[in-house]
Amino acid sequence: ETLQTQGKAGQHLPRINMAFSEANYDYIKVMASLEGTTMTQFLNYVIDVYRKDNSEHYIMAKKLQAMVRAKNDK
């Protein structure tokens, strides 16, 4: 999960086109700069921390999604 795919044939990562409030954009830009990372790397770090802190909720949500899919497939 190094995010290093540029110029590597056949390697792609999922992408999202996102819009941010001016305050959030400035925060991301400043904090990424302080960390010496790109804005993408900073946001991936923030999301990674949040995901790990909420792993139980994530697992329950995935199970719920599977149950809904199974019900809809009947």
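A brief look at the structure comes next. (Residues numbered from 1 in each chain as written. Predicted model: local features only at pLDDT ≥ 70, side-chain atom pairs only at ≥ 80, totals over all residues. Heavy atoms only, no water.)

### Let's talk about the pattern of salt bridges
No. 1: Counted under the stated rule, the structure contains two salt bridges.
No. 2: Asp48 is paired through a salt bridge with Arg51; the nearest N and O atoms lie 2.0 Å apart. Within this pair, Asp48 and its partner Arg51 are both found in helix 2 (residues 39-53), separated by three residues, close to a single helical turn.
No. 3: Taking relative accessible area as the criterion, Asp48 reaches 23% and is therefore assigned partly exposed.
No. 4: Given a relative accessible area of 41%, Arg51 falls into the partly exposed group. (Salt bridge = Lys/Arg side-chain N within 4 Å of Asp/Glu carboxyl O. Helix = DSSP H or I, 4+ residues; strand = E, 2+ residues; numbered from the N terminus. Buried < 20%, exposed > 50% of the residue type's maximum accessible area, 1.4 Å probe, protein only.)

### With respect to the packing of aromatic side chains
The geometry of two aromatic rings is summed up by the distance between their centres and the angle between their planes.
No. 1: One pass over the full model with this rule turns up one aromatic pair.
No. 2: Each ring, one from Tyr27 and one from Phe42, has its centre 6.2 Å from the other, and the planes form 65 degrees; the classification is edge-to-face. With Tyr27 in helix 1 (residues 22-35) and Phe42 in helix 2, this residue pair connects regions lying 15 residues apart in the sequence.
No. 3: Overall, the relative accessible area of 48% leaves Tyr27 in the partly exposed class. (Phe/Tyr/Trp six-rings, centres within 6.5 Å; stacked < 30°, edge-to-face > 60°.)

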